[in-house]
Amino acid sequence: MEAANSQDDFIPAGLAAFGIEADEIELAVIGAAYQLFWPPIVELIALDTSEVPAERNLDLSKAPPR
Amino acid sequence: MSEALDLSLREQAAAIAAGEVDAAELLESTLARIEERNPALNAVVETFPERSREMLAAAPAGPLHGVPVVIKDEWPLPWRAQRFGAAEMLAEPAPAESGPYRALRDAGAVIVGVGNMHELGAGSTGNVSVYGPARNPWDTDRCPGGSSSGPAAAVAARLVAGSVGADGIGSIRYPAAYCGLTGLKPTFGRSAMDGHHMDAVSTTIVSGALCADAADSRLLDSALFGEELKAGDAGGLRIGVIAGEVSEDVDPAVREACEAAIEDLRRETGGTVREVEIPELAVATLATILIANSESLGGITPERLNDLDPELSPLARGLLKFRVLLPAIATVKSHQIRTVARHAVAALFDEVDVLACPTVPAVAPALEAPVVELPSGTMTADEANVRGGALANLTGIPAISVPVGSADGLPVALQLQAAWGRDELLLDAAEAIERANGRRWVEAIPPPARGAEPLEA
């Protein structure tokens, strides 16, 4: 699917699914955000992270246990 | 009293403690200076002289006794709810004793005003705010940086000698860089955070100081940390320069100044420099954005999104609605990327003491159009800045922005990052850079503070 078509379909459909209204300016902002973030998000989702171990009891004040 | 106003934070504290400066006179002079200089800067969005006088009257004999400071609009005060730079927040703001407020009060400091900030903390430039944009004292047509825009502009213009900001994705370091200040993003959890409207959910935001130099930062951050950040020895410092676009896709003048500062730091500490790779940096940056933007979603409902305050900027309204469309799988994977990034930097810190790169890739952009020209092309300042700012928030490590040069009359800054809990080392390293360059950049004073060019409101 072409990115532009994906954006044209996804944004109005996604907002409508949640009952969220957006005016023209807001739609333009959402479209710009989509164009900026969606390609790297698609790449992120495509990463196989099944081998990444969970960091239990995450403590961001310290290095991860090794 | 103008001489006292222009003292450093530590000099003001020492002069008051020695009886050489009257704290009540200093407070009144500070309020007068804010009245005089602030209209052209919009750095301070509210003062409350009676509250400040009451705070001084009750101030204990702490390390900051009687010293005036500004606090970001992100922190509630007992007499004032935060507005988060916005017409509407996702959380319900309320007056409260936030952790930074208590830390300042208990250290004897006097809060003289609230600093402007980028709307909802969602920008690195400070050009969007319910109060109107704050302006950069080095050039009032330029961005002061965000989201701690007002706290930075207030210190740079010498309205006060120190201020308290917050850093969720670079929000202390970007304005420190744009305004020529020293700004430490503490290790996650080390500085006062309670009372923040996202304290219960945020895994990226920390409080921290914005000051002219590392010694002042050490003093003010000690209050926020609730412990003395002791000076140490950065001798033999092992410096790792981050390879890739964060160091290379940078304005040539910024790159040159940062490379010179790294060499200064190596020479001053008798240390070593090597290049290091962080292959995960690009995806880690995206992961940081996704995590930070998902952590406030609890306050969002479709009904609320359909009834947003019309005074909220169109940009904020659109981005709030965009957040709802972010897939859960992306957030889940972002947390896994966080784990990968934490292990990657932990391994690097076995080999180096600090990671170095430009804080931001270009000097402060124009308020009207905050874009930057980089070797790879033109992009928004936000898009460019987040490349270097996100890693510390994602992993929890401390980071500091240090002024190291000037380009087009605007400050240039180097960022150093260290392992968890080594905040003091970053201050030591910043002081080593100051010694190496003769304190040239921490003592540089913008036009409104040196009275060279009167500003027009």
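Not measured: the values here are computed from a predicted model. (Residues numbered from 1 in each chain as written. Chains lettered and ligands numbered in written order. Predicted model: local features only at pLDDT ≥ 70, side-chain atom pairs only at ≥ 80, totals over all residues. Heavy atoms only, no water.)

Describing the side chain of B:T30
Residues and elements named next belong to chain B.
Thinking step 1. Its place among the elements puts T30 in helix α3 (residues 23–37).
Thinking step 2. On the basis of relative accessible area, T30 is assigned to the buried category, the value being 2%.
Thinking step 3. Aside from chain neighbours lying at most four places away, what touches T30 is L5, P68, V112, L159 and V160. (Helix = DSSP H or I, 4+ residues; strand = E, 2+ residues; numbered from the N terminus. Buried < 20%, exposed > 50% of the residue type's maximum accessible area, 1.4 Å probe, protein only. Contact = heavy atoms within 4.5 Å.)

Digging into the pairing of strand β4 (residues 162–167) of chain B
Residues and elements named next belong to chain B.
Thinking step 1. With six of six residues buried, β4 lies mostly within the body of the structure.
Thinking step 2. Burial along β4 is two-sided: the residues G162, V164 and A166 and S163, G165 and D167 are all buried.
Thinking step 3. One ladder, built from two bridges, connects strand β2 (residues 68–72) with β4; its direction is parallel. Bridge assignment links V70 to a residue of β4, and that residue is S163.
Thinking step 4. As judged from the six bridges shared by β4 and strand β6 (residues 206–211), these two strands associate in the antiparallel manner. (Pairing = 2+ DSSP bridges.)

What about the environment of B:D353?
Residue and element names in this part refer to chain B.
Thinking step 1. By the secondary structure assignment, D353 is in the loop between α14 (328–348) and β9 (354–358).
Thinking step 2. The spacing of D353 and L9 is 344 residues in sequence and 28 Å in space, taken between C-alpha atoms.
Thinking step 3. Discounting residues that sit within four places of it in the chain, D353 has contacts with G236, L237, R238, Q417, A418, A419, R422 and L425.
Thinking step 4. For D353, the side chain forms a polar contact with the side chain of R422, separated by 3.3 Å. (Polar contact = N/O pair within 3.5 Å; in protein donor to acceptor, adjacent residues only side chain to side chain.)

Observations concerning the packing of helix α2 (residues 24–46) of chain A against α14(B)
Thinking step 1. Packing of α2(A) against α14(B) leaves a shortest axis separation of 9 Å and a crossing angle of 70°. Classified by the angle their axes make, α2(A) and α14(B) are roughly perpendicular. The chirality of how α2(A) crosses α14(B) is left-handed. Contacts between α2(A) and α14(B) pair A:I41, A:L44 and A:I45 from the former with B:I329, B:A330, B:K333, B:S334 and B:I337 from the latter. (Axes fitted to C-alpha atoms, helices over the stretch in contact; angles between N-to-C directions. Parallel < 35°, antiparallel > 145°, perpendicular 65-115°, else oblique. Left-handed = near helix turned anticlockwise from the far one by under 90°.)

So, the interface of chain B and chain A
Thinking step 1. Counting from both sides, the interface comprises 40 residues of chain B and, opposite them, 38 residues of chain A.
Thinking step 2. Across the interface of chain B and chain A, roughly 3300 Å² is buried in total on both sides, 72% from carbon and sulfur atoms.
Thinking step 3. Applying the counting criterion to the chain B and chain A interface returns five salt bridges.
Thinking step 4. Close ionic contact of B:R317 with A:D23 constitutes a salt bridge, the shortest N to O distance being 3.6 Å.
Thinking step 5. Those elements that place two or more of their residues in the side of chain B that touches chain A are α11 (281–294), α12 (302–305), α13 (314–324), α14 and α15 (381–395) of chain B. (Buried area = accessible area lost by both parts, 1.4 Å probe. Salt bridge = Lys/Arg side-chain N within 4 Å of Asp/Glu carboxyl O.)

Some words on the packing of helix α8 (residues 214–225) of chain B against helix α16 (residues 423–436) of chain B
All names here are of chain B.
Thinking step 1. Closest axis-to-axis distance for the α8/α16 pair is 9 Å, and the angle between their directions is 165°. By the angle between their directions, the pair α8 and α16 is classed as roughly antiparallel. In this structure, α8 meets α16 at a crossing whose hand is right-handed. For the pair formed by α8 and α16, the contact residues are A214, A215, S217, R218 and F225 on the first element and D423, E424, L427, D428, A430, E431 and E434 on the second.
Thinking step 2. Partitioned by chemical class, the residues of the contact of α8 with α16 number five nonpolar, one polar and six charged. (Nonpolar A, V, L, I, M, F, W, Y, C, P; charged D, E, K, R; others polar.)

A short note on the pattern of salt bridges
Residue and element names in this part refer to chain B.
Thinking step 1. Considering all chains together, one arrives at 39 salt bridges over all chains under this definition.
Thinking step 2. In this structure, D216 and R10 form a salt bridge, with 2.7 Å as the shortest nitrogen-oxygen distance. Highlighted residues: D216 in helix α8 and R10 in helix α2 (residues 9–17), separated in sequence by 206 residues.
Thinking step 3. The exposure class of D216 is buried, given its relative accessible area of 1%.
Thinking step 4. The shortest N-O distance in the salt bridge between R255 and E259 comes to 3.1 Å. With R255 and E259 both in helix α10 (residues 252–269) and four residues apart, this pair spans about one turn of that helix.
Thinking step 5. By relative accessible area, which is 32% here, R255 ends up partly exposed.
Thinking step 6. Residue E259 is classed as partly exposed on the basis of its relative accessible area of 46%.
Thinking step 7. Put simply, R10, D213, D216, E434, R439 and E443 are held in one network by salt bridges that share partners.

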